[in-house]
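# Tertiary structure, described
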Amino acid sequence: MASHQNYWTEQLYYFAEHLYWEPQHINKKTPPGEGGPEKFKQTREKIRKQEVPLNILFNILIRLLPLRIKAEILNSFLSPQTVDFGQPIEYISIYDRLAGLYFIQPDMVLESTNSNICIEIKVDAHLSLNQVYKYLFLLGRWQAELEISRRPYLFLLTKKGLDAQWKSSERNLIFTQGDKILDLQRYLRLNDLPERLGDSSVIDLQPQARNIIEKVQLGWANWHKIGEVLNKEKMRLEQLPISDGKEILDNLIGDFLDELNRRKLWNS
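A brief structural summary.

Rules and cut-offs
- Residues numbered from 1 in each chain as written.
- Predicted model: local features only at pLDDT ≥ 70, side-chain atom pairs only at ≥ 80, totals over all residues.
- Heavy atoms only, no water.
- Helix = DSSP H or I, 4+ residues; strand = E, 2+ residues; numbered from the N terminus.
- Rg over C-alpha atoms; globule rule 2.2 N^0.38 Å.
- Buried < 20%, exposed > 50% of the residue type's maximum accessible area, 1.4 Å probe, protein only.
- Contact = heavy atoms within 4.5 Å.
- Areas by Shrake-Rupley, 256 points an atom, 1.4 Å probe, with all protein chains shown as cover.
- Expected span 1.5 Å × (residues − 1).
- Pairing = 2+ DSSP bridges.
- Axes fitted to C-alpha atoms, helices over the stretch in contact; angles between N-to-C directions.
- Phe/Tyr/Trp six-rings, centres within 6.5 Å; stacked < 30°, edge-to-face > 60°.
- Core = buried A, V, L, I, M, F, W, Y, C linked by side-chain atoms within 4.5 Å.
- Salt bridge = Lys/Arg side-chain N within 4 Å of Asp/Glu carboxyl O.
- Parallel < 35°, antiparallel > 145°, perpendicular 65-115°, else oblique.
- Nonpolar A, V, L, I, M, F, W, Y, C, P; charged D, E, K, R; others polar.

## Some details on the overall build of the protein chain
Helices and strands together make up the secondary structure of the protein chain, namely 11 helices and 7 strands. Its C-alpha radius of gyration of 20 Å places the protein chain within 12% of the 18 Å reference for a compact globule of 268 residues. Referenced to the eigenvectors of the C-alpha coordinate spread, the extents of the protein chain come out at roughly 55 × 55 × 40 Å. Put simply, the protein chain has 268 residues, and 47% of those count as buried. In the protein chain, the share of contacts with a sequence separation of at least 24, taken over all contacts with a separation of at least 6, comes to 68%. Accessible surface, the protein chain: about 14,500 Å² in total, of which carbon and sulfur atoms supply 51%.

See below:
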């Protein structure tokens, strides 16, 4: 097995470490007293625990995985239900498609011939209704721009259970019947939409968002479930003869599983 330092996932952290030592590349300067080996050690440990790097690594993984495995990961949010998301399932930058989305920075956006898919990714931070509404307004605006109808999906990926990951002040308002996803869907259908998201007025987008709420399929998974899907695929690869494709896929999946294991989000 390769040294942990040689995993592809480490390349993101190496880039961040490079900017620590040479911040001038992003027009920054190291404040007096903030540099040095000890501070660097603390920074290395800190960035390997943060949510954003894992978010980026998961985006890269989904972009590179074959369609079959992408579909298995997406269906894990809907288990035991299985759906056909269409093909190909492509990673996209929504800002290249739609102008004026100042109210959201989506974690992951995917599209296929018949599906628009958004994924909100969490590790330690809480989920909130405000975040969910942002995705619903995004999906509503996106569908309104299309000439064909696609099925909208909003998936929530968390470390804890869905209700446990939720903002405490909202938890008891939403999860009242014991069926977490249905509770959330029910709440969204029965309550008013916000008029503002952050500093942006979204009143003009409310009809589109309300239409999406009636159509969107919500889903939830935790990181352990994602790890299990990937580990199952890794075990399948072990039964295959040696090939270039097997070697690439084994490295891609194995290194990401190591990242989840190191963060205690999945155990083999």
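## What about helix H5 (residues 129-145)?
Compared with an ideal rise of 1.5 Å per residue, which puts 17 residues at 24 Å, H5 spans 24 Å between its outermost C-alpha atoms and is within 8% of the ideal. Among the 17 residues in H5, 13 count as buried, and that is most of the element.

## Notes on the sheet that holds strand S4 (residues 151-158)
Taken in spatial order, the 5 strands make up an open sheet running S1-S2-S3-S4-S7, and their pairing is mixed. Unpaired on one side and paired on the other, strand S1 (90-91) and strand S7 (217-222) mark the two borders of the sheet. In terms of strand pairing, S4 meets S7 through 6 bridges, oriented parallel. Bridge assignment links tyrosine 153 to a residue of S7, and that residue is glutamine 217. The strands touched by helix H10 (residues 223-238) are strand S3 (115-121), S4 and S7; relative to S7, the strand with the most contacts, the crossing angle is about 80 degrees.

## Details of the packing of aromatic side chains
Applying the stated criterion across every chain yields a total of 8 aromatic pairs. Seen in terms of ring centroids, phenylalanine 77 and phenylalanine 155 are 4.8 Å apart; in terms of plane orientation they differ by 5 degrees. Their pairing is stacked. Here the residue phenylalanine 77 occupies a position in the loop between helix H4 (67-75) and S1, and phenylalanine 155 occupies one in strand S4, the gap between them amounting to 78 residues. Both residues of the pair, phenylalanine 77 and phenylalanine 155, count as buried. Ring geometry for phenylalanine 103 versus phenylalanine 137: centroids 6.5 Å apart, planes at 75 degrees, classification edge-to-face. Of this pair, phenylalanine 103 sits in the loop between S1 and strand S2 (108-111) while phenylalanine 137 sits in helix H5; the two residues are 34 residues apart in sequence, bridging distant segments of the chain.

## Quick look at the nonpolar core
If you look at the biggest cluster of nonpolar residues, it comprises 40 residues, and the most contacted ones within it are Phe58, Leu65, Ile73, Ile119, Trp223 and Leu230. Considering every element that reaches this core, the biggest residue donor is helix H11 (residues 244-262), with 6 residues. The next biggest cluster of nonpolar side chains, apart from the first, holds 37 residues, and it includes Leu101, Leu127, Tyr135 and Tyr187.

## Points about the pattern of salt bridges
Overall, the coordinates contain 15 salt bridges when judged by the stated rule. Salt-bridge contacts for arginine 97 lead to glutamate 111; the nearest nitrogen and oxygen are separated by 2.5 Å. Of the two residues, arginine 97 is situated in the loop between S1 and S2 and glutamate 111 in strand S2; the sequence distance between them amounts to 14 residues. For arginine 97, a relative accessible area of 45% puts it in the partly exposed group. Here aspartate 250 makes a salt bridge to lysine 234, at a shortest N to O gap of 3.4 Å.

## Notes on the environment of proline 53
If you trace the backbone, proline 53 turns up in helix H3 (residues 51-64). Once the C-alpha coordinates of proline 53 and alanine 16 are considered, the two residues, 37 residues apart in sequence, prove to be 9.6 Å apart. Residue contacts for proline 53: discarding those within four places in its chain leaves Leu12, Tyr13, Ile47 and Arg263.

## Observations regarding H4
By the burial criterion, the buried members of H4 are Ile69, Lys70, Ala71, Ile73, Leu74 and Asn75. Tucked inside the fold, the buried residues of H4 contact H3, S2, S3, S4, H10 and H11.

## Some points on the pairing of S2
Side chains Met108 and Leu110 project from S2 onto one buried face, and the interleaved Val109 and Glu111 project onto a second face that is buried too. In this structure, S2 lies alongside S3, joined through 4 bridges in antiparallel fashion. Looking at the pairing, leucine 110 lines up with isoleucine 117 of S3.

## Here we look at the packing of H5 against helix H8 (residues 180-190)
Packing of H5 against H8 brings their axes to within 12 Å, and their N-to-C directions diverge by 70 degrees. Our classification of the angle between H5 and H8 gives roughly perpendicular. Across the interface between the two elements, Leu129, Val132, Tyr133 and Leu136 from H5 touch Leu184, Tyr187 and Leu188 from H8. Residue classes in the contact of H5 with H8 are distributed as 7 nonpolar, no polar and no charged.

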